[in-house]
Amino acid sequence: MSSLSLPARRQVLADLVPGTLVRDLALVAGGAVLTGAAAQLVIPLPGTPVPMTGQTFAALLVGATLGMRRGAASMLLYLLVGAAGVPWFQGGTSGLSGASAGYIVGFVFAGALVGALARRGGDRTPLRTAGTMVLGNVVIYAFGVPWLMAATGFDLATAFDKGVTPFLVGDVLKTVVAAGVLPLAWAAVSRFRKED
């Protein structure tokens, strides 16, 4: 008589860290802190009220490595703590006002989406990782652009021109980095497991 076995649950990189609740809390807090640190890398761009920062890359990386629930929780923690007054948004700011706050709201949903895709293998190959990161960026823009319109009075075309177009080259570079780093991390994990 043959037994049926359920397929193994797909993992994200954070699942490889031993532990349960304490691990999850530490990873969620660590992801928020990483995003806050990355937000201090600010490059003002001429002609747009939204600067280029490292926080978008960090938010997507956190989502991919932590998975859907922890990734979204980490970005929600980042959002709530910054909204409450901790100065860890771009360039040491806090509060949910201004032209770029909608992008931060989008991090929560992008973290969830990227985490869900990573659990399904969306971070295992360069091509899949690139697709995962592109979708995460689209979600961030879906929140950021309407917020930018509301904060500035821009019409859709102007908001797109000032809130998306200047960042596309940077998004491509971040996607290329992620498409190299995440599959490399999985390759290292696979090699390590074979050596055990």
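Remember, predicted model here, so these are calculated numbers, not experimental data.

A. Examining the overall build of the protein chain more closely. For the protein chain, the helix and strand inventory stands at seven helices and two strands. In sequence order, the secondary structure elements of the protein chain are arranged as α-β-β-α-α-α-α-α-α. Computed over C-alpha atoms, the radius of gyration of the protein chain comes to 18 Å, within 12% of the 16 Å expected from 2.2 N^0.38 for 196 residues, which places it in the range of a compact globule. Expressed as lengths along the three principal axes of its C-alpha atoms, the size of the protein chain is roughly 70 × 35 × 30 Å. Every one of the 196 residues in the protein chain was classed for burial, and the buried ones make up 44%. Of the contacts formed within the protein chain by residues at least 6 apart in sequence, a portion of 70% connects residues at least 24 apart. For the protein chain, the computed accessible surface area is about 10,200 Å², with 72% contributed by carbon and sulfur atoms. Here the protein chain contributes 14 positive and 8 negative side-chain charges, whose respective centroids are spaced 8 Å apart.

B. The side chain of T129, seen in detail. Locating T129 in the fold gives a position in helix 5 (residues 126-152). Judged by its relative accessible area of 0%, T129 falls in the buried class.

C. Summary view of the pattern of salt bridges. Applying the stated rule across the entire model yields five salt bridges. When the shortest N-O distance is used, the salt bridge between R119 and D15 registers 2.9 Å. Taken as a pair, R119 in helix 4 (residues 101-119) and D15 in the segment before helix 1 (21-38) lie far apart in primary sequence, 104 residues in all. The class for R119 is partly exposed, based on a relative accessible area of 22%. Overall, the relative accessible area of 12% leaves D15 in the buried class. Across the pair R124 and D123 runs a salt bridge, and its minimum N-O distance is 3.3 Å. What makes D123 buried here is its relative accessible area of 1%.

D. Spotlight on the confidence of the model for the protein chain. Considering every residue of the protein chain, the mean pLDDT works out to 91; 94% of them sit at 70 or more. Per-element confidence in the protein chain is highest for helix 3 (residues 68-83), whose mean pLDDT is 97, and lowest for helix 7 (residues 168-195), whose mean pLDDT is 87. Confidence over residues 1-7 falls short of pLDDT 50; this stretch has zero contacts with residues more than four positions distant or in other chains.

Reading the values: rules and limits
- Residues numbered from 1 in each chain as written.
- Predicted model: local features only at pLDDT ≥ 70, side-chain atom pairs only at ≥ 80, totals over all residues.
- Heavy atoms only, no water.
- Helix = DSSP H or I, 4+ residues; strand = E, 2+ residues; numbered from the N terminus.
- Rg over C-alpha atoms; globule rule 2.2 N^0.38 Å.
- Buried < 20%, exposed > 50% of the residue type's maximum accessible area, 1.4 Å probe, protein only.
- Contact = heavy atoms within 4.5 Å.
- Areas by Shrake-Rupley, 256 points an atom, 1.4 Å probe, with all protein chains shown as cover.
- Lys, Arg positive; Asp, Glu negative; His and termini not counted.
- Charge placed at Lys NZ, Arg CZ, Asp CG, Glu CD.
- Salt bridge = Lys/Arg side-chain N within 4 Å of Asp/Glu carboxyl O.
- pLDDT = per-residue confidence, 0-100.

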